[in-house]
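Architecture and fold: a report
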Amino acid sequence: KAVEKAGRFRAHQAPVTSAVLAPDGRTALSGDADGNLIFWDLASRAVTKWLWRHDGPVTALAVAPTGDFAVSSGPAGVTRLWELGDPGRERPLARTGWCEAVTAVAFSQDGRFFLAAGSAGRINLWAVATGGYLRGFQGADGPIAAVRCADGIVTATAAPTIANLPNHPIVWRWHAETGKPQRCA
(Lines give C-alpha, C1' and ligand atoms only; values in the text may rest on other atoms or scores of the structure.)
Protein backbone atom coordinates (compact mmCIF):
# COMPACT_ATOMS: atom_id res chain seq x y z
CA LYS A 1 0.00 0.00 0.00
CA ALA A 2 1.40 3.37 -0.97
CA VAL A 3 1.97 5.98 1.70
CA GLU A 4 0.15 9.20 0.97
CA LYS A 5 2.27 12.32 1.26
CA ALA A 6 0.84 14.53 3.99
CA GLY A 7 2.18 17.77 2.59
CA ARG A 8 3.74 20.65 4.44
CA PHE A 9 2.39 22.32 7.53
CA ARG A 10 3.44 25.97 7.46
CA ALA A 11 3.19 28.31 10.44
CA HIS A 12 6.31 27.79 12.56
CA GLN A 13 9.06 30.32 11.94
CA ALA A 14 11.62 28.32 13.96
CA PRO A 15 12.55 24.62 13.55
CA VAL A 16 9.94 22.19 14.90
CA THR A 17 11.45 20.37 17.89
CA SER A 18 8.54 18.18 19.00
CA ALA A 19 5.20 16.98 17.62
CA VAL A 20 2.46 14.62 18.81
CA LEU A 21 -0.74 13.22 17.32
CA ALA A 22 -3.83 14.01 19.42
CA PRO A 23 -6.02 11.09 20.58
CA ASP A 24 -8.79 12.02 18.12
CA GLY A 25 -6.44 11.16 15.22
CA ARG A 26 -7.56 14.29 13.37
CA THR A 27 -5.38 16.91 15.05
CA ALA A 28 -1.75 17.26 16.06
CA LEU A 29 0.25 19.55 18.34
CA SER A 30 3.72 20.83 17.44
CA GLY A 31 6.29 22.90 19.32
CA ASP A 32 9.32 24.76 18.04
CA ALA A 33 12.70 26.13 19.07
CA ASP A 34 11.15 29.53 19.86
CA GLY A 35 8.58 28.00 22.22
CA ASN A 36 5.54 28.31 19.95
CA LEU A 37 2.82 25.65 20.38
CA ILE A 38 0.44 25.08 17.45
CA PHE A 39 -2.57 22.77 17.01
CA TRP A 40 -3.22 21.57 13.48
CA ASP A 41 -6.16 20.07 11.61
CA LEU A 42 -4.47 17.22 9.76
CA ALA A 43 -6.94 17.02 6.86
CA SER A 44 -6.70 20.70 5.91
CA ARG A 45 -3.21 21.34 7.35
CA ALA A 46 -4.68 24.50 8.90
CA VAL A 47 -3.75 25.97 12.27
CA THR A 48 -6.69 25.52 14.64
CA LYS A 49 -5.17 27.02 17.80
CA TRP A 50 -2.05 28.80 19.01
CA LEU A 51 -1.26 28.26 22.67
CA TRP A 52 0.63 30.83 24.69
CA ARG A 53 4.36 30.58 24.19
CA HIS A 54 6.36 28.06 26.16
CA ASP A 55 9.54 29.41 27.83
CA GLY A 56 12.35 28.44 25.46
CA PRO A 57 12.50 25.50 23.07
CA VAL A 58 9.87 22.77 23.33
CA THR A 59 11.55 19.39 23.90
CA ALA A 60 8.54 17.19 24.70
CA LEU A 61 4.76 17.24 24.16
CA ALA A 62 1.77 15.10 25.11
CA VAL A 63 -1.99 15.43 24.75
CA ALA A 64 -4.28 13.85 27.38
CA PRO A 65 -6.36 10.85 26.26
CA THR A 66 -9.46 13.00 26.85
CA GLY A 67 -8.09 15.70 24.53
CA ASP A 68 -8.77 18.50 27.02
CA PHE A 69 -5.20 19.02 28.30
CA ALA A 70 -1.69 19.11 26.88
CA VAL A 71 1.70 19.28 28.53
CA SER A 72 4.84 20.89 27.08
CA SER A 73 8.37 20.81 28.45
CA GLY A 74 11.78 22.18 27.69
CA PRO A 75 15.29 22.77 28.97
CA ALA A 76 15.95 23.66 32.60
CA GLY A 77 12.93 21.67 33.85
CA VAL A 78 10.32 24.04 32.45
CA THR A 79 7.00 22.14 32.25
CA ARG A 80 3.64 23.67 31.38
CA LEU A 81 0.14 22.18 31.66
CA TRP A 82 -2.35 23.61 29.16
CA GLU A 83 -6.14 23.53 29.44
CA LEU A 84 -7.25 23.23 25.82
CA GLY A 85 -10.61 24.99 26.06
CA ASP A 86 -10.95 28.05 23.90
CA PRO A 87 -8.42 29.71 23.57
CA GLY A 88 -6.17 27.49 25.71
CA ARG A 89 -4.68 28.64 28.98
CA GLU A 90 -1.86 27.55 31.21
CA ARG A 91 -2.74 25.79 34.46
CA PRO A 92 -0.21 26.53 37.24
CA LEU A 93 1.96 23.64 38.46
CA ALA A 94 3.54 23.15 41.85
CA ARG A 95 7.25 23.99 41.77
CA THR A 96 9.71 21.15 42.25
CA GLY A 97 13.11 22.88 42.01
CA TRP A 98 13.85 20.73 38.97
CA CYS A 99 16.50 22.14 36.65
CA GLU A 100 17.43 19.29 34.27
CA ALA A 101 16.22 19.28 30.67
CA VAL A 102 12.88 17.52 30.24
CA THR A 103 13.19 14.82 27.58
CA ALA A 104 9.82 13.01 27.73
CA VAL A 105 6.28 13.65 28.96
CA ALA A 106 3.15 11.47 29.08
CA PHE A 107 -0.35 11.36 30.53
CA SER A 108 -1.77 8.41 32.43
CA GLN A 109 -4.34 6.28 30.59
CA ASP A 110 -7.22 8.00 32.37
CA GLY A 111 -5.76 11.51 31.92
CA ARG A 112 -5.74 12.24 35.67
CA PHE A 113 -1.94 12.42 35.99
CA PHE A 114 1.05 13.33 33.88
CA LEU A 115 4.75 12.53 34.04
CA ALA A 116 7.82 14.51 33.04
CA ALA A 117 11.20 12.77 32.71
CA GLY A 118 14.61 14.33 32.40
CA SER A 119 18.11 14.18 31.06
CA ALA A 120 19.55 13.09 34.43
CA GLY A 121 17.01 10.29 34.98
CA ARG A 122 14.56 12.09 37.25
CA ILE A 123 10.82 11.47 36.75
CA ASN A 124 8.09 13.58 38.36
CA LEU A 125 4.35 12.89 38.65
CA TRP A 126 1.68 15.64 38.84
CA ALA A 127 -2.12 15.62 39.26
CA VAL A 128 -3.85 17.26 36.29
CA ALA A 129 -6.88 18.50 38.31
CA THR A 130 -4.83 20.50 40.82
CA GLY A 131 -1.42 20.90 39.18
CA GLY A 132 -0.04 19.44 42.41
CA TYR A 133 3.28 17.62 42.50
CA LEU A 134 2.71 14.08 43.78
CA ARG A 135 6.10 12.35 43.80
CA GLY A 136 9.38 11.70 42.08
CA PHE A 137 10.70 8.34 40.96
CA GLN A 138 14.33 7.48 41.67
CA GLY A 139 16.62 4.83 40.26
CA ALA A 140 17.06 5.73 36.60
CA ASP A 141 20.72 6.54 36.11
CA GLY A 142 20.73 8.37 32.80
CA PRO A 143 18.69 10.33 30.29
CA ILE A 144 15.11 9.15 29.74
CA ALA A 145 13.88 8.73 26.15
CA ALA A 146 10.28 7.71 26.87
CA VAL A 147 7.97 7.51 29.87
CA ARG A 148 4.54 5.90 30.35
CA CYS A 149 1.98 5.41 33.12
CA ALA A 150 -0.41 2.50 32.59
CA ASP A 151 -2.22 0.16 34.96
CA GLY A 152 -0.65 1.85 38.00
CA ILE A 153 2.92 1.30 36.77
CA VAL A 154 5.34 4.03 35.66
CA THR A 155 7.74 2.79 32.98
CA ALA A 156 10.77 4.67 31.66
CA THR A 157 13.16 3.77 28.86
CA ALA A 158 16.75 5.02 28.81
CA ALA A 159 17.99 7.15 25.95
CA PRO A 160 20.80 5.37 24.12
CA THR A 161 24.28 6.56 25.09
CA ILE A 162 27.75 5.23 24.36
CA ALA A 163 27.88 3.88 27.93
CA ASN A 164 24.63 1.89 27.74
CA LEU A 165 24.58 0.81 24.09
CA PRO A 166 25.75 -2.75 24.84
CA ASN A 167 22.79 -3.14 27.24
CA HIS A 168 20.20 -1.05 25.40
CA PRO A 169 17.26 -0.86 25.81
CA ILE A 170 17.29 -0.23 29.54
CA VAL A 171 13.85 -0.09 31.19
CA TRP A 172 12.86 0.95 34.74
CA ARG A 173 9.46 0.46 36.42
CA TRP A 174 7.86 1.84 39.59
CA HIS A 175 4.51 1.46 41.32
CA ALA A 176 2.76 4.80 40.65
CA GLU A 177 1.13 5.14 44.09
CA THR A 178 4.06 4.12 46.26
CA GLY A 179 7.05 5.02 44.10
CA LYS A 180 8.60 1.61 44.86
CA PRO A 181 10.67 0.04 42.07
CA GLN A 182 9.06 -2.90 40.26
CA ARG A 183 10.97 -5.77 38.77
CA CYS A 184 11.10 -5.82 34.97
CA ALA A 185 10.14 -9.18 33.51
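You'll find the structure just up there.
Quantities reported herein were computed from a predicted structural model and do not represent experimental measurements. (Residues numbered from 1 in each chain as written. Predicted model: local features only at pLDDT ≥ 70, side-chain atom pairs only at ≥ 80, totals over all residues. Heavy atoms only, no water.)

**A word on the sheet that holds strand 15 (residues 171-175)**
Which entries qualify depends on this criterion: Pairing between strands is defined by DSSP: at least two bridges between them are needed. Helix and strand assignments come from DSSP, with helices taken as H or I runs of at least 4 residues and strands as E runs of at least 2, each series counted from the N terminus.
Judged by pairing direction, the sheet is antiparallel, and its 4 strands sit side by side in the order 13-14-15-16 without closing on themselves. Where the open sheet ends on each side, the last strands, each with one partner, are strand 13 (144-150) and strand 16 (181-182). Here strand 13 runs beside strand 14 (residues 153-158); their pairing, made up of 6 bridges, is antiparallel. Note that in strand 14 the partner of Ile144 across the bridge is Ala158.

**As for the packing of aromatic side chains**
Note the cut-off: Aromatic pairs are defined between Phe, Tyr and Trp rings, using the six-membered ring for Trp, whenever the two ring centres lie within 6.5 Å; interplanar angles under 30 degrees are classed as stacked, those over 60 as edge-to-face, and all others as tilted. Throughout this description, buried means an accessible area under 20% of the type-specific maximum (1.4 Å probe, protein chains only), exposed means over 50%, and partly exposed covers the range between.
Counted under the stated rule, the structure contains 4 aromatic pairs. Residues Phe114 and Trp126 carry aromatic rings whose centres are separated by 5.1 Å and whose planes lie at 15° to one another, so their mutual orientation is stacked. Separated by 12 residues along the polypeptide, Phe114 in strand 10 (residues 113-118) and Trp126 in strand 11 (residues 123-127) bring together distant segments of the chain. Of the two residues, Phe114 and Trp126, neither departs from the other in class, the shared state being buried. For the pair Trp126 and Tyr133, a centre-to-centre distance of 6.0 Å together with 70° between the ring planes defines the contact as edge-to-face. Judged by its relative accessible area of 3%, Trp126 falls in the buried class. Classification of Tyr133 as partly exposed rests on a relative accessible area of 31%.

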